[in-house]
Amino acid sequence: MKKKVISRRSETDLNRLHEMKDEDIDFSDIPEVTPEMFARGIVRRGLKPVKRKKQLTLRVDSDVVEWYQKQGPGYQTRINSLLRAYMEEHARQ
């Protein structure tokens, strides 16, 4: 039995893109990058890597989880931030 090919051939006109000059590119839908944006940027070269998060299963009251979820996206990050603040405060004492 012959294997069915599922990938499609690209319909991108690569030759046209290769021949395109920089001034032919339409940047109208890209917001301008301001010096303030660069000033807020973070470069991590040469610094210690950011600690990875550890996945775990945690039992939390359903009303607590629902309340955090209602706060919108990023609720797990907010819970983590509160746990970290609690940990750091107790480590300081």
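In what follows, the accompanying structure is described. Being a predicted model, the structure only gives us computed values, none of them experimental.

### Details of the pattern of salt bridges
- Taken as a whole and judged by the stated rule, the model has 2 salt bridges.
- The closest approach of N and O atoms between Glu89 and Arg92, which form a salt bridge, is 2.8 Å. Highlighted residues: Glu89 and Arg92, both in helix α4 (residues 75–92), separated by 3 residues, approximately one helical turn.
- A residue is classified by how much of its surface remains accessible, and Arg92, at 63% relative accessible area, is exposed.

### Here's the deal with a nonpolar patch on the surface
- On the surface, a cluster of nonpolar side chains totalling about 560 Å² of accessible area is made up of Leu14, Leu17, Met20, Ile25, Phe27 and Ile30.
- Take Met20: it is sitting in the loop between α1 (14–19) and α2 (35–39).

### Thoughts on the layout of surface pockets
- Counted as a void, the largest pocket has a volume near 840 Å³.
- Lining the largest pocket are 21 residues, and of these Leu56, Gln76, Ile79, Asn80 and Leu83 lie nearest its centre.
- Every element with two or more residues in the lining of the largest pocket is listed here: α3 (62–70) and α4.
- For the lining of the largest pocket, the leading source of residues is α4, giving 9 residues.
- The residue inventory of the lining of the largest pocket, partitioned by class, reads 11 nonpolar, 4 polar and 6 charged.

Parameters at a glance
Residues numbered from 1 in each chain as written. Predicted model: local features only at pLDDT ≥ 70, side-chain atom pairs only at ≥ 80, totals over all residues. Heavy atoms only, no water. Salt bridge = Lys/Arg side-chain N within 4 Å of Asp/Glu carboxyl O. Helix = DSSP H or I, 4+ residues; strand = E, 2+ residues; numbered from the N terminus. Buried < 20%, exposed > 50% of the residue type's maximum accessible area, 1.4 Å probe, protein only. Patch = residues over 30% accessible without salt bridge, like charges linked within 9 Å, V, L, I, M, F, W, Y side chains within 5 Å. Areas by Shrake-Rupley, 256 points an atom, 1.4 Å probe, with all protein chains shown as cover. 1 Å grid on protein atoms, 1.4 Å probe; cavity = no way out; pocket = protein on both sides within 12 Å on 5 of 7 lines; lining within 4 Å. Points joined across faces, edges and corners; volume = space filled by probe spheres on them. Nonpolar A, V, L, I, M, F, W, Y, C, P; charged D, E, K, R; others polar.

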